[in-house]
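Residues per chain are reported as follows:
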Amino acid sequence: MVRRRQIYEGKAKILYEGPEPGTLIQYFKDDATAFNAQKRGTISGKGVLNNRISEHIFTALQTIGVPTHFIRRLNMREQLIRQVEIVPIEVVVRNVAAGSLSKRLGIEEGTQLPRTIIEYYYKDDALGDPLIADEHIACFGWASQDEMNDIADMAIRVNDFMCGLFAAIGIRLVDFKLEFGRVWDGDYARVILADEISPDGCRLWDMKTSEKLDKDRFRLDLGGEAEAYQEIARRLGLLPEEGEENAVLDLDSHRKKRGR
Ligand code: UDP
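Quantities reported herein were computed from a predicted structural model and do not represent experimental measurements.

> Please set out the UniProt feature "domain: SAICAR synthetase/ADE2 N-terminal" (unreviewed entry) in the chain residue by residue, giving values where relevant.
Per the UniProt annotation, the sites labelled "domain: SAICAR synthetase/ADE2 N-terminal" (unreviewed entry) are residues 6-235. Secondary structure within residues 6-235 divides into 30% helix and 36% strand; the distance between the first and last C-alpha atoms comes to 34 Å.

This is the structure in structure tokens:
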């Protein structure tokens, strides 16, 4: 195996040096963490599913003109991405009250919000990713006002698109987290969507049953997390349907019988 230089290891992904300058390889692990990494575990097959789900969503976002770091998927667990300078802010978009919003403000989980909310958290594990205001971002120079305008515009476009994508497969997009990064064109920097979009960073509820099909299954010890991620991939059309799977298997056994 060719040894590659590891650039960074996060909780769910590893970044390696890419084949060309300005590129990286993003490797998706099965590791899962919650509550600022106080809870750790693995979800078998998660990396493969998240790689595929994130590829699907980023590719679709690019077709509607949202710039992203995604270049192409390389294999089951890796994708080629553009190297960016990560903006140290987690952008959370909420359509329905849940999680920390419900806890902090005492709003019942599942309450439809009268308007979409965008929140910003400072990316700092030691501080536990605290909620911040626009004022903090400007004051500490984490991003410029122009960059924040672009980020908020992109977050709303991503939300509108993803609400439709998931509604079409019977899933309510409750909330999700985005990360953005800077790319440089000479002296000029622009922000593009980075990281991943997968059930690790989204709340996805079945519209009929309200069943949670995301990382909350792991956070709340509900069990069936691998099956939930698979269900999302299946509904997005990313896994072979049962009949098709059998067809592939049948083809294999047919080939074997004929000695090919
Ligand atoms: N989220 C995330 N990474 C984080 C914090 C939140 O991906 O470090 C996602 C989370 O999966 C959810 C949304 O952002 O879809 C809002 O999370 P919330 O603020 O409710 O925090 P939590 O309840 O997860 O602590």
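> Lay out the packing of helix H1 (residues 46-63) against helix H6 (residues 225-235) with the relevant residues and their values.
With their axes 10 Å apart at the nearest point, H1 and H6 run at an angle of 25 degrees to one another. Our classification of the angle between H1 and H6 gives roughly parallel. Seen from above, H1 lies across H6 with left-handed handedness. Each of Lys46, Leu49, Asn50 and Ile53 in H1 lies in contact with H6, whose residues at this interface are Ala226, Tyr229, Gln230, Ile232 and Ala233. The residue inventory of the contact of H1 with H6, partitioned by class, reads six nonpolar, two polar and one charged.

> Let's hear about unusual backbone geometry: which residues, and what values?
Despite not being glycine, alanine 37 has its phi angle at roughly 70 degrees, a positive value. With respect to the helices, strands and loops of the structure, alanine 37 is situated in the loop between strand E4 (31-34) and strand E5 (39-42). Alanine 37 gets classed as buried once you look at its relative accessible area, which sits at 19%.

> Describe the nonpolar core, and please don't skip the residues or the numbers.
Residues Ile89, Val158, Phe166, Leu178, Leu193 and Ile197 are the most contacted members of the largest nonpolar core, which totals 48 residues. With near-sequence residues (within four places) excluded, valine 158 lies in contact with Leu61, Val66, Phe176, Leu178, Leu193 and Ile197.

> An account of the site of the ligand is requested, with residue identities and associated values reported.
In the region of the ligand, 16 residues are neighbours, and Arg94, Ser100, Asp175, Arg203 and Arg219 sit closest. Between serine 100 and the ligand, the recorded distance is 2.6 Å, taken from a side-chain N or O atom to an oxygen atom. Within the side chain of arginine 219, one N or O atom sits 2.9 Å away from an oxygen atom of the ligand. When the ligand sits alone it has 500 Å² of accessible area, and the protein chains cover 79% of it. Elements with a minimum of two residues in the shell around the ligand: strand E9 (89-96), helix H2 (99-105), strand E12 (171-185) and strand E14 (202-206). Partitioned by chemical class, the residues of the shell around the ligand number five nonpolar, three polar and eight charged.

> Now, about the side chain of arginine 94: what can you tell me, with residues and values included?
You can see arginine 94 is positioned in strand E9. Within the structure, arginine 94 has its side chain in polar contact with the side chain of serine 100 (distance 3.0 Å). Among all residues touching arginine 94, those that are not within four sequence positions of it are Ser100, Leu101, Leu113, Arg115, Thr116, Ile117, Glu119, Tyr121, Val174, Asp175 and Arg203.

> Explain the pairing of E4 to me, using residue names and the numbers behind them.
Bridge count for E4 against E5 is four bridges, and the pairing is antiparallel. By the bridge assignment for E5, alanine 34 is matched with lysine 39.

> Tell me what's going on with the side chain of lysine 215, and back it up with residues and numbers.
With respect to the helices and strands, the residue lysine 215 is situated in the loop between E14 and helix H5 (216-219). It turns out lysine 215 is buried and unbridged, and the closest side chain with the opposite charge, aspartate 200, is 5.0 Å from it. Apart from the residues lying within four places of it in its own chain, the contact partners of lysine 215 are Thr33, Pro199, Asp200 and Tyr229.

> Before we move on, can you summarise the pattern of salt bridges with the specific residues and values?
Inspection of the entire model under this criterion finds 28 salt bridges. Arginine 5 is paired through a salt bridge with glutamate 17; the nearest N and O atoms lie 3.1 Å apart. Here arginine 5 is found in the segment before strand E1 (6-9), whereas its partner glutamate 17 is found in strand E2 (residues 13-17), with twelve residues between them in sequence. Accessibility expressed as a relative area gives 36% for glutamate 17, which makes it partly exposed. Put simply, lysine 13 and glutamate 196 hold a salt bridge, and the shortest N to O gap is 2.6 Å. A residue pair is termed long-range when its members are at least 10 positions apart, and lysine 13 in strand E2 and glutamate 196 in the loop between strand E13 (188-194) and E14 qualify at 183 residues.

> Explain the packing of H1 against helix H4 (residues 145-167) to me, and be specific about the residues and the numbers.
The angle between the axes and the distance between the axes are what describe a pair of packed helices. Remark: H1 packs on H4, axes separated minimally by 11 Å, with the N-to-C direction vectors making an angle of 125 degrees. Of the possible angle classes, the one that applies to H1 and H4 is oblique. The interaxial crossing formed by H1 with H4 has right-handed handedness. Judged by residue contacts, His56, Ile57, Ala60 and Leu61 of H1 engage Val158, Phe161, Met162, Leu165 and Phe166 from H4. Tallied by class, the residues present in the contact of H1 with H4 amount to eight nonpolar, one polar and no charged.

Thresholds, definitions, all that
- Residues numbered from 1 in each chain as written.
- Predicted model: local features only at pLDDT ≥ 70, side-chain atom pairs only at ≥ 80, totals over all residues.
- Heavy atoms only, no water.
- UniProt positions renumbered as here; feature names shortened; annotations may be inferred.
- Helix = DSSP H or I, 4+ residues; strand = E, 2+ residues; numbered from the N terminus.
- Axes fitted to C-alpha atoms, helices over the stretch in contact; angles between N-to-C directions.
- Parallel < 35°, antiparallel > 145°, perpendicular 65-115°, else oblique.
- Left-handed = near helix turned anticlockwise from the far one by under 90°.
- Contact = heavy atoms within 4.5 Å.
- Nonpolar A, V, L, I, M, F, W, Y, C, P; charged D, E, K, R; others polar.
- Buried < 20%, exposed > 50% of the residue type's maximum accessible area, 1.4 Å probe, protein only.
- Core = buried A, V, L, I, M, F, W, Y, C linked by side-chain atoms within 4.5 Å.
- Near = heavy atom within 4 Å.
- Polar contact = N/O pair within 3.5 Å; in protein donor to acceptor, adjacent residues only side chain to side chain.
- Areas by Shrake-Rupley, 256 points an atom, 1.4 Å probe, with all protein chains shown as cover.
- Pairing = 2+ DSSP bridges.
- Lys, Arg positive; Asp, Glu negative; His and termini not counted.
- Salt bridge = Lys/Arg side-chain N within 4 Å of Asp/Glu carboxyl O.

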